[in-house]
Amino acid sequence: MKSMLQLCGRVVGRQLAPDNCVVPVLRLDRFHRLGGPGYFQINPFLERTLPPVSVGLRVGEFNFQEVQSQDNIPFNVRLTVLYQFVPDGLEARVTSQIVRLEPRQVEGIVRSYASQGLRRLAARYPAVELSGSSALSAIECDLAGFLNANLRALGLVPLRHGGILIKETIPPDKFKQTMLLARQHHVTLDALSQYRDRLNEMAIRAQFLAGLETFRGNLALLSTTDSLPPVGLSNLLNLPPLQPSGLSTKA
C-alpha cells in the first residue's frame with residue numbers, strides 16, 4: 001500500500017527526500033532548486049530530479065606526507081575533518097555544480113584545501129613543538145578557520161567545534177633518535193650539575209697527579225689561575241706530605 005501511494009504521488013509530482021538529504025530539481029534540464037528534506041512538490045511535465053545529496057555529517061580521513069616544520073623536518077600527519085554541505089544562501093550556479101559531484105569528488109576538494117592550510121600552519125612551528133599538544137591545538141583551531149573561510153563559498157563547512165582533529169604527527173626516525181639522545185644528555189647534565197664543585201675538584205687533582213707521573217725530571221705544573229707561578233721539582237720536594245683528605249697541605 002505504501003509503495004502504491006508513493007508511485008501515485010510521483011505521478012502527480014509528489015517527491016520524498018530522505019532525512020539529512022536534499023534532492024536537486026531540474027527544470028528543462030537546468031538546475032532550478034533543492035527539494036526536501038521530506039516531501040516536496042515538482043511539476044512532472046517540466047521538472048525532474050537528481051539523486052539525493054547528503055546535508056548531514058561527513059567525515060574526511062586524510063593522511064598527509066612531507067609536512068614541513070619551520071626547521072624543515074618532514075612529518076606525516078593523520079587528520080580528520082568533520083564537515084557538512086550547507087546550501088543555504090549558496091549561489092545557484094555553485095549549487096548546480098556541487099550537487100552533481102560524487103561524494104569522493106567533494107571529499108577531494110576538502111582534502112586539497114586541508115592540505116594547503118595544514119602545510120602553511122605547520123611551517124610556523126619548529127619540529128619540537130609539532131610533537132606537543134599545545135601547538136597541535138592551535139593548528140586545529142586555525143585550520144578550522146582557514147577551511148571555513150575558503151570552503152564556505154562552496155557550501156562545505158567544517159563543524160564549528162571539534163571539526164578538525166589532528167590524530168597523529170609522525171616525525172622521521174632520525175629525528176626521534178636525536179630527540180631521545182637529547183633527552184638522555186639533558187638528564188645526564190642535570191645529574192652532573194648537582195656535583196659540579198666536587199667534579200671540578202676531582203679533575204684538578206687528577207691533572208695534578210698525571211703531571212707528577214709524566215714530568216718527573218722537570219716538573220712544571222700550571223695553576224688554574226694566572227696569578228700562581230709555576231712550581232718546580234725542587235720546591236715540591238720541600239712540600240709537606242699530602243693529607244688523606246686530598247691534595248691540600250697544611251704548614
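Residues numbered from 1 in each chain as written. Predicted model: local features only at pLDDT ≥ 70, side-chain atom pairs only at ≥ 80, totals over all residues. Heavy atoms only, no water.

(A) Expanded view of the overall build of the protein. Along the protein, the regular secondary structure elements total eight helices and ten strands. Residue burial in the protein is summarised as follows: out of 251 residues, 29% are buried. For the protein, the accessible area works out to roughly 17000 Å², and carbon and sulfur atoms hold 56% of it. (Helix = DSSP H or I, 4+ residues; strand = E, 2+ residues; numbered from the N terminus. Buried < 20%, exposed > 50% of the residue type's maximum accessible area, 1.4 Å probe, protein only. Areas by Shrake-Rupley, 256 points an atom, 1.4 Å probe, with all protein chains shown as cover.)

(B) How the structure looks around the confidence of the model for the protein. Averaged over every residue, the pLDDT of the protein is 80; residues scoring 70 or more account for 66%. Considering each helix and strand of the protein separately, the mean pLDDT is smallest for helix H8 (residues 233-236), with a value of 46, and largest for helix H3 (residues 103-122), with 96. A low-confidence stretch, residues 245-251 (pLDDT under 50), is modelled with eleven contacts involving residues beyond four sequence positions or located in other chains. (pLDDT = per-residue confidence, 0-100. Contact = heavy atoms within 4.5 Å.)

(C) Region of interest: the pattern of salt bridges. Following the criterion strictly, the structure yields seven salt bridges and no others. Close ionic contact of Glu-102 with Arg-104 constitutes a salt bridge, the shortest N to O distance being 3.0 Å. Note on Arg-104: relative accessible area 60%, which makes it exposed. Connected through shared salt-bridge partners, Arg-27, Arg-33 and Glu-47 make up one network. (Salt bridge = Lys/Arg side-chain N within 4 Å of Asp/Glu carboxyl O.)

(D) Representation of unusual backbone geometry within the structure. A cis amide bond links Gly-36 with the next residue in sequence, Pro-37, at an omega value of 0°. Structurally, Pro-37 can be placed in the loop between strand E3 (30-35) and strand E4 (38-41). Even without being glycine, Asn-20 reaches a positive phi, approximately 60°. With respect to the element layout, Asn-20 can be found in the loop between strand E1 (14-17) and strand E2 (21-27).

(E) Summary view of the nonpolar core. Within the largest apolar cluster, 36 residues are counted, with the highest numbers of intra-cluster contacts made by Leu-79, Val-81, Phe-85, Leu-143 and Leu-147. Among the secondary structure elements, those contributing two or more residues to this core are strand E7 (58-68), strand E8 (74-85), helix H2 (92-98), H3, helix H4 (127-130), helix H5 (133-151) and strand E10 (164-170). Broken down by element, this core gets its largest block of residues, eight residues, from H5. With residues up to four places along the chain from it excluded, the contact list for Leu-79 reads Gly-60, Glu-61, Phe-62, Phe-64, Ala-114, Leu-143, Ile-164, Leu-165 and Ile-166. The next biggest cluster of nonpolar side chains, apart from the first, holds five residues, and it includes Ala-17, Val-25, Phe-40 and Ile-42. (Core = buried A, V, L, I, M, F, W, Y, C linked by side-chain atoms within 4.5 Å.)

(F) Quick look at the packing of H3 against H5. The contact between H3 and H5 brings their axes to 9 Å, and the two run at 135°. By the angle between their axes, H3 is oblique relative to H5. Relative to H5, H3 is oriented so that their crossing is right-handed. Listed contacts from H5 to Ile-109, Val-110, Tyr-113, Ala-114, Gln-116, Gly-117, Leu-118, Arg-120, Leu-121 and Ala-122 of H3 are Ile-139, Asp-142, Leu-143, Phe-146, Leu-147, Asn-150 and Leu-151. (Axes fitted to C-alpha atoms, helices over the stretch in contact; angles between N-to-C directions. Parallel < 35°, antiparallel > 145°, perpendicular 65-115°, else oblique. Left-handed = near helix turned anticlockwise from the far one by under 90°.)

(G) The environment of Ser-115, seen in detail. Looking at the element boundaries, Ser-115 is found in helix H3. Residue class for Ser-115 comes out buried when judged on its relative accessible area of 15%. Distance in space between the C-alpha atoms of Ser-115 and Val-67 is 8.8 Å, their sequence separation being 48 residues. Among the polar contacts listed, one links the side chain of Ser-115 to the side chain of Arg-119, at a separation of 3.1 Å. (Polar contact = N/O pair within 3.5 Å; in protein donor to acceptor, adjacent residues only side chain to side chain.)

(H) Inspection of the side chain of Thr-80 at higher detail. Checked against the element boundaries, Thr-80 lands in strand E8. Only 2.8 Å separates the side chain of Thr-80 from the side chain of Glu-61, close enough to count as a polar contact. When sequence neighbours within four positions are dropped, the list of residues in contact with Thr-80 reads Val-59, Gly-60, Glu-61, Gly-163, Ile-164, Leu-165 and Lys-167.

(I) How the structure looks around a nonpolar patch on the surface. Among the surface-exposed residues, Leu-28, Phe-45 and Leu-46 lie close enough to one another that they form a single nonpolar patch of about 390 Å² accessible area. Within the secondary structure, Phe-45 is located in the loop between E4 and strand E5 (47-49). (Patch = residues over 30% accessible without salt bridge, like charges linked within 9 Å, V, L, I, M, F, W, Y side chains within 5 Å.)

(J) Inspection of H3 at higher detail. The end-to-end C-alpha distance of H3 is 28 Å, a good match for the 28 Å that 20 residues give at a rise of 1.5 Å each. When H3 is considered as a whole, its buried residues turn out to be Val-106, Val-110, Ala-114, Ser-115, Gly-117, Leu-118, Leu-121 and Ala-122. (Expected span 1.5 Å × (residues − 1).)

(K) Inspection of the environment of Pro-87 at higher detail. Following the sequence through the fold, Pro-87 ends up in the loop between E8 and H2. Spatially, the C-alpha atom of Pro-87 lies 9.4 Å from that of Val-22, the residues being 65 residues apart in sequence. If sequence neighbours within four positions are ignored, Pro-87 has contacts with Leu-34 and Val-55.

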